[in-house]
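Each chain is listed here by its residues.
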Amino acid sequence: MPSVWSFIIVSSSTKLRELFWEHIIHYSLGAFLSFILFALAFAFLKHFENNGFSFKIKSETEGKKKKSDDLPKYEKYTVILGVCLFLWAFFSAFDGLTTLALSSVPAIGAFALVILFDFKHKIVSKENLSLLYAFIIIAAATVIGTLFLNSASADISTAYGSAYSNIVNSDEWSNNLLKFLQQWTSLLGADYEIGGAITSGKNILAAIKMAGSLVLFLTPVAALFMFPKINRNERIFTIFHWLMSGFVLYGYIFGNLSSVNWRLSPIICSAIITDMIVWKAVWSAFNVKRGAVLLAALVAASGIVTTCQIWSMPFDYGRDNDLHKAVELLEKNGLDYGYATYWNANILTLLSSSKVKVRDVNIDEDEPRAGWLNSDGIWFEDQPDRDTYFFLLTQSEYESASERNHVILENAREIISEGNWVVVVKNENIF
C-alpha cells in the first residue's frame, strides 16, 4: 500500500507525471539516487551489526593461541555492501552539483547529526561504530567522486544543472518566498478554476488536493516533537529530509529555483517517506490516533482524486498536443529527415516510431551546431540517397531566426507554417 500511495502522489499533476514517468532529469534522479543510497546504507548497518560490529568472521580459535594458518576471514555480505555503498556514493557525486545537494551531502549530514546528537553514547563508541563506518564510506566516496568530476569536466559549462549555486538579487527574495504556496500546491495538482465558483466541482477537487499538499509538506515538522519515538534508521532519513528540503528551499528563496515549480519535486519524494514515519510514530506512541488518521486521510483523499482524474483520461490522452501535431505535419508533407532544437528533436523521433528522424541542433549562435547529448556524429552528415532535409522551428524560434537573418533560413526550397510550427525545407544538408 505505501508504494501504491507513493506512485499516486508523484503522479498528482501533469508536470510530476512528466518528471517521473517521461523525462528523467536531475530532480527525479536525485530522489532515485538517494533512496538506493539509503537502502544500501541500512543494509550495510544491519549486516555489520549482526556480525558483531565487525567486518571479520569470528574465528573458532578466538581466545586461544592462534595458529599460523588462522588468517582473519571477512563476512562477505558486509564487505560487498560496503563496496556497493562506496561505488554508489562515488557515482552519485560524479553526477554533479544538483545530485550533491539532493542526495550525497544531506545523507552525509544525516549520519553525522545522528551520531553527534546521540547523547547516550560517545561519538566514537561501539554503539556508533556502524554509523561511523557508513559516514566515512559515503563521505570519502563523495569527496573522491567530486574530485574526479572536477578533473573530468574541466571547463565544461553546466549552467542548467548548477542552478542551485546561483544567488539572485536580494530584492527578489521576498517575492520568491511568496511564490512558494502557489507553486507547491499547483505542482501537486491543485489547479483552481480562476473566476469559477468556490463550490464548483473542479474547485472542490482542487481544495482537496491543496489540503493534501499542505499536510504532505508540514507533517515532517511534527517529527521534531517525537524524535525519540522513532527508530535510528527513521531518524537518519528524517534528518536527511530536513537537510535536503533546506537546500532546496534555500535555492528557491535566495536563488533561481523559484523560476519553475518542478524544482520543488525532490521535497515531495522524501516527504512521502517522512510522513509515513511520523504517522506510524503518532499512531503507536501518542493518544492522538484520530488526529493521525485525519491528517493521513487528507493526503489519501488527494490521492483518490488523482487516481480518478487519471482513470478518466482517454486512452490516447495527449495525442492532440503540439508534438504530435508536429509529427503529423512532417508526415503529411513527406518529410522524414531533418533537424530541430533540443526540446523538439529526439522526442519526435520517438513519437513517430522513427518514421520521422529529427536530430538535435543548436541555433543560438550564427552557425548551426550539432547537439552532443543523445546524438551520434553520423546523424549530421549527408545521408545516402537523400536530397531533402528540413529544419523544424516553433513560431517564436522562427521569428527569432528571422530577426537575426540566421543561416538556416537561407536557400530554403519551401517554408511551411501550420499552428505553432514552421518547417524550413531545404535541398541540401545544413552542415
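Residues numbered from 1 in each chain as written. Predicted model: local features only at pLDDT ≥ 70, side-chain atom pairs only at ≥ 80, totals over all residues. Heavy atoms only, no water.

**Topic: the pairing of strand β6 (residues 389-394)**
Along any regular strand the residues' side chains alternate between the sheet's two faces. Of all six residues in β6, six are buried; the element is thus mostly enclosed. Alternating positions in β6 separate into two faces, Y389, F391 and L393 on one and F390, L392 and T394 on the other, with burial throughout. By the bridge criterion, six bridges tie β6 to strand β8 (residues 421-426) in an arrangement that is antiparallel. Paired with F390 across the strands is V425, a residue of β8. (Buried < 20%, exposed > 50% of the residue type's maximum accessible area, 1.4 Å probe, protein only. Helix = DSSP H or I, 4+ residues; strand = E, 2+ residues; numbered from the N terminus. Pairing = 2+ DSSP bridges.)

**Some points on the packing of aromatic side chains**
Describing an aromatic ring pair means giving the distance of the ring centres and the angle of the ring planes. Scanning all chains against the criterion turns up 26 aromatic pairs. For the ring pair F38 and F111, a centre distance of 6.4 Å and an interplane angle of 15° mean the geometry is stacked. Taken as a pair, F38 in helix α3 (residues 26-50) and F111 in helix α5 (residues 97-116) lie far apart in primary sequence, 73 residues in all. For the pair formed by F38 and F111, the shared burial category is buried. Among the aromatic residues, ring-to-ring pairing joins F35, F38, F42, F111, F237 and F240 into one connected group. Lying over the aromatic face of W262, K15 brings its terminal NZ or CZ to 4.0 Å of the ring centre. The ring of W379 carries R359 above its face, with NZ or CZ at 4.0 Å from the centroid. (Phe/Tyr/Trp six-rings, centres within 6.5 Å; stacked < 30°, edge-to-face > 60°. Lys NZ or Arg CZ within 6 Å of the ring centre and 35° of its normal.)

**A short note on the pattern of salt bridges**
In total, this model carries six salt bridges according to the counting rule given. A salt bridge links R232 to E49; the shortest N-O distance between them is 2.5 Å. Here R232, found in helix α9 (residues 232-254), pairs with E49, found in helix α3; they are 183 residues apart in sequence, far enough to count as distant. We note a salt bridge from K280 to E234, for which the minimum N-O separation is 3.0 Å. One end of the pair, K280, is in helix α10 (residues 265-285); the other, E234, is in helix α9, with 46 residues separating them in the sequence. By relative accessible area, K280 is classed as partly exposed at 46%. (Salt bridge = Lys/Arg side-chain N within 4 Å of Asp/Glu carboxyl O.)

**Re helix α8 (residues 201-218)**
Spanning 18 residues, α8 covers 26 Å between terminal C-alpha atoms, matching the ideal 26 Å at 1.5 Å per step. The set of residues buried in α8 consists of N203, A206, K209, G212, S213, V215 and L216. (Expected span 1.5 Å × (residues − 1).)

**Description of helix α4 (residues 76-93)**
Helix length check: α4, at 18 residues, gives a terminal C-alpha distance of 26 Å against a target of 26 Å (1.5 Å per residue), a fit within 8%. Residues of α4 that are buried: T78, L81, G82, L85, A89, F90, S92 and A93.

**Observations concerning the nonpolar core**
Inside soluble globular proteins, nonpolar side chains tend to come together where they are buried. The biggest cluster of nonpolar side chains holds 65 residues, and the ones touching the most others in it are F111, L216, I236 and I268. Beyond its immediate stretch of four places on either side in the chain, I236 contacts F38, F42, L45, A110, F111, V114 and L131. With 16 residues, the next largest nonpolar core counts L335, A345, W421 and V423 among its residues. (Core = buried A, V, L, I, M, F, W, Y, C linked by side-chain atoms within 4.5 Å. Contact = heavy atoms within 4.5 Å.)

**Let's talk about the confidence of the model for the protein**
The pLDDT averaged across the protein works out to 84; a share of 90% of its residues lies at or above 70. Contacts for the low-pLDDT stretch residues 63-68, under 50 throughout, to residues beyond four places or in other chains number one contact. (pLDDT = per-residue confidence, 0-100.)

**Description of the pairing of strand β4 (residues 357-362)**
Strand direction decides the pairing type here: strand β3 (residues 337-340) and β4, joined by four bridges, are parallel. What sits directly across from G338, in β4, is V358. Handedness of the crossover joining β3 and β4 through helix α13 (residues 346-351) is recorded here as right-handed. Here β4 pairs with strand β5 (residues 369-370) via two bridges, running antiparallel. By the bridge assignment for β5, N362 is matched with R369. Turn length for the β4-β5 hairpin, with the two strands adjacent in sequence and antiparallel, is six residues. (Right-handed = clockwise from strand over helix to strand, strands pointing away.)

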